[in-house]
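For reference, the chains in residue letters:
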Amino acid sequence: KYTIAIVGRPNVGKSTLFNRIVGTRKAIVNDISGVTRDRLYEKAEWNGSEFSVIDTGGISASNDVFIKEIKEQAELAIKEADAIIFVVDGHNGITKDDQLVAKVLYRSKQPIYLAVNHLDNIEQHDLIYDFYSLGLGDPYPISAVHGNGVADLLDDIVDAFKNGTNGGVSDQDQEDQIKIAIIGRPNVGKSSIFNSLIKRNRSIVSDIQGTTRDTVDSQFEDNQGNVFTISDTAGIRKSGKVIESTEKYAVLRAQMAIESADVILVVIDASTGIQDQDKHIAGLATEEGRAVVIVVNKWDAIEKDNYSMKQFTEQIREEFKFLDYAPIMFVSAKTNQRLDQIPEMAIKVDNNHKMRIQSSILNQTILDAIALHPTPTKNGKRLRVYYATEVAVAPPTFAIFVNDPELMHFSYERYLENQIRKNFDFAGTPIRLRIRARK
Ligand code: GDP
């Protein structure tokens, strides 16, 4: 189902790692550079997940085709793998050939795990820091020969497969579906929207009773064949009214719904306007870093002139400053106005929530931003930004390496975030910056 490709220049320990992962000695390890080998596929298993591993070590002997071969094996990995382990030698620093491989990998949509090999003991782990500058995220210190660090690496890869954040088709169908939660204070129309979505679309499995808590999930399929799960926390359709009448339960319900969802629909009642409790509930979704769409319901119930949608938008932007990235939809569960656009919107923000930005393009964006607006200074010392890299998705999280994090000003951080948003479509998802020191 899943394929992991191991890439890297010759003699960094790809085959040793391959053997370590597949647990046999099928690959022929040869220390003499340039021995022609076939690329090798093997099945492997970790933490109960099965996958295939490719050792892309097919390097040919001749020197002039050498560069081409390195590029080709990396390209092959990008094409055939769901995740890529890029192996480098921790004792050699970044070589020209490493850069060559990295350059091809930057184009990859698949996640790349940078394994810094030959680090046989903890004292050598500092050697990983040089490799941050490849812009491929946090490097993993490993020793393919002794096995150190390989378990952590595989844990992360397999976890990402399970969570659907690596490429490929997930083990369980359910993991592929977008999970939607509808939250909002009582009577904004959550159950009406819920029922409408289920009714208007092809309802697949209804009423899967949650085992551990009072949750009922329903699934539906839109006309494009995309499958969605909506969690009906504490029974939006049931007589939840009494329970929900206190703020405490409304919040609890929202929290439960948010916990298991990818995309949160924050429902507001157009006929009553924005209230404090709306803000409170919406705030929960941001804290958890979920993708958010603001749904203004009962749009049929208000007197509209040509400006009201614009006015309402301005009001929302003013009141929900912390959700400035969330798209706003104006719907009516009563007339079904624009409800058919909800699945499409959910897919869009879910994609943005999981989007990966190539480090080379990200770094160019940061460089451009700094050129446009110089970094802040403090006590005569200027903030220096070395490089940035996306270290996680859902929500997209960027590590920004600087000379001294103390020199970062929140307004400059905000500026960098805005520049990132300007260059990439992160509508509907929070993004996070982690400012880290790099000597
Ligand atoms: P919940 O408590 O958030 O689940 O809200 P409900 O879905 O139970 O809706 C509360 C009330 O608002 C009900 O009387 C609905 O009929 C009404 N309602 C829901 N959606 C709309 C809408 O789009 N327009 C109008 N005019 N009324 C609505």
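Here the structure is a predicted model, which is why all the values come from computation and not from measurement.

> Sorry if this is basic, but what is going on with the overall build of the protein here?
Across its full length, the protein holds 13 helices and 19 strands. For the protein, with 439 residues in total, the buried portion stands at 39%. Partitioning the contacts of the protein with sequence separation of at least 6, the portion at a separation of at least 24 is 70%.

> Just to check I follow, could you spell out helix H11 (residues 342–353) for this structure?
Within an α-helix, residues lying three or four positions from one another point in the same direction, as the helix has 3.6 residues per turn. Given a rise of 1.5 Å per residue, 12 residues ought to cover 16 Å, and the 16 Å separating the end C-alpha atoms of H11 matches this to within 8%. Within the span of H11, buried status applies to Ile 342, Pro 343, Ala 346, Val 349, Asp 350, Asn 352 and His 353.

> It is not clear to me how the site of the ligand should be interpreted in this structure. Could you clarify?
Around the ligand, the structure places 16 residues, and the nearest of them are Gly 189, Lys 190, Ser 191, Ser 192 and Lys 334. When residues in the shell around the ligand are grouped by element, the largest group, 3 residues, is from helix H6 (residues 190–200). Across the shell around the ligand, the residue classes break down as 5 nonpolar, 7 polar and 4 charged.

> So what exactly am I meant to see when it comes to the environment of Phe 18 here?
Looking at where Phe 18 falls in the secondary structure, it is placed in helix H1 (residues 14–22). Judged by the 27 C-beta atoms lying within 10 Å of it, Phe 18 falls in the buried class. Once the C-alpha coordinates of Phe 18 and Glu 42 are considered, the two residues, 24 residues apart in sequence, prove to be 8.7 Å apart.

> Explain the confidence of the model for the protein here, please?
The predicted coordinates ought not to be read in detail in places where the model reports low pLDDT. Mean pLDDT over the protein: 82, with 81% of residues reaching 70 or higher. Counting interchain partners and residues more than four positions distant, the pLDDT-below-50 stretch residues 25–39 has 29 contacts. Considering only residues more than four positions removed or in separate chains, one finds that residues 168–174, a stretch of pLDDT under 50, has 12 contacts.

> Please explain helix H9 (residues 276–287) as it appears in this structure.
The terminal C-alpha atoms of H9, which comprises 12 residues, lie 17 Å apart, in line with the 16 Å expected from a rise of 1.5 Å per residue. Among the residues of H9, Asp 278, Ile 281, Ala 282 and Ala 285 are the ones counted as buried. Buried residues along H9 cover an arc of 95 degrees about the axis, so they all sit on one side. Turned more than 90 degrees away from the buried face of H9 sit Asp 276 and Glu 287, all of them exposed. Following H9 by one or two positions, Gly 289 has its phi on the positive side, about 75 degrees.

> I keep staring at the nonpolar core and nothing clicks. Help me out?
The tendency in soluble globular proteins is for nonpolar side chains to be buried as a group. The biggest cluster of nonpolar side chains holds 45 residues, and the ones touching the most others in it are Ile 180, Ile 183, Ile 264, Val 266 and Ile 294. Excluding anything up to four places from it in sequence, Val 266 contacts Ile 183, Gly 184, Ile 281, Ala 282, Ala 285, Val 292, Ile 294 and Val 295. Judged by nonpolar contacts, the second largest core, of 43 residues, contains Val 101, Tyr 113, Ala 115 and Phe 161.

> Help me understand the pairing of strand S7 (residues 178–183), please; the structure alone is not making it clear to me.
Each regular strand displays side chains that alternate between the two surfaces of the sheet. Counting buried residues along S7, 6 of its 6 residues qualify, which places the element largely inside the surrounding structure. Residues Ile 178, Ile 180 and Ile 182 line one face of S7 and the alternating positions Lys 179, Ala 181 and Ile 183 line the opposite face, and both faces are buried. Of the strand pairs in this sheet, S7 and strand S12 (residues 263–269) are connected by 4 bridges, and their pairing is parallel. Bridged to Ile 182 within S12 is Leu 265.

> What exactly am I supposed to notice about the sheet that holds strand S19 (residues 432–437) here?
Hydrogen bonding along the main chain pairs the strands of a sheet, whether they run parallel or antiparallel. Strand order in the open sheet formed by 3 strands is S17-S18-S19, with mixed pairing between adjacent strands. Of all the strands in the sheet, the pair left with one neighbour each is strand S17 (385–392) and S19. Direction aside, the axes of adjacent strands within the sheet are offset by 25 degrees on average. In the sheet, strand S18 (residues 397–402) pairs with S19 via 6 bridges, with the strands oriented parallel. When the sheet's bridge partners are listed, Thr 397 is paired in S19 with Arg 432.

What counts and how
Per chain, the residues get numbers from 1 upward, laid out in the order the sequence is written. Since the coordinates come from a predicted model, pLDDT governs what is reported: local features require at least 70, and pairs of side-chain atoms require 80 or more to be given and counted, while whole-chain, interface and lining totals use all residues. Each helix corresponds to a stretch of at least 4 residues labelled H or I by DSSP, and each strand to a stretch of at least 2 residues labelled E; elements are numbered beginning at the N terminus. Three exposure classes are used. Buried residues have 20 or more other C-beta atoms within 10 Å of their own C-beta, exposed residues have 12 or fewer, and partly exposed residues fall in between, all C-beta atoms being placed from the backbone. Here contacts are defined at the residue level, using C-beta atoms placed from the backbone and a cut-off of 7 Å between them. In this scheme, a helix's expected span is set at 1.5 Å multiplied by one less than its residue total. To decide whether a residue is near a molecule or strand, its C-beta atom is placed from the backbone and checked for lying within 6 Å of it. Side-chain classes are defined by residue name, with Ala, Val, Leu, Ile, Met, Phe, Trp, Tyr, Cys and Pro counting as nonpolar, Asp, Glu, Lys and Arg as charged, and the others, Gly among them, as polar. As a per-residue quantity, pLDDT reports the predictor's confidence and falls between 0 and 100. It is the directions from the helix axis to the C-beta atoms that the arc portrays. When buried Ala, Val, Leu, Ile, Met, Phe, Trp, Tyr and Cys residues are joined through C-beta atoms within 7 Å, the set is termed a nonpolar core. Strands pair, by our definition, only if DSSP identifies at least two bridges between them. Interaxial angles span 0 to 180 degrees and are taken between N-to-C directions of axes, which are lines fitted to C-alpha atoms, for helices over the stretch in contact.

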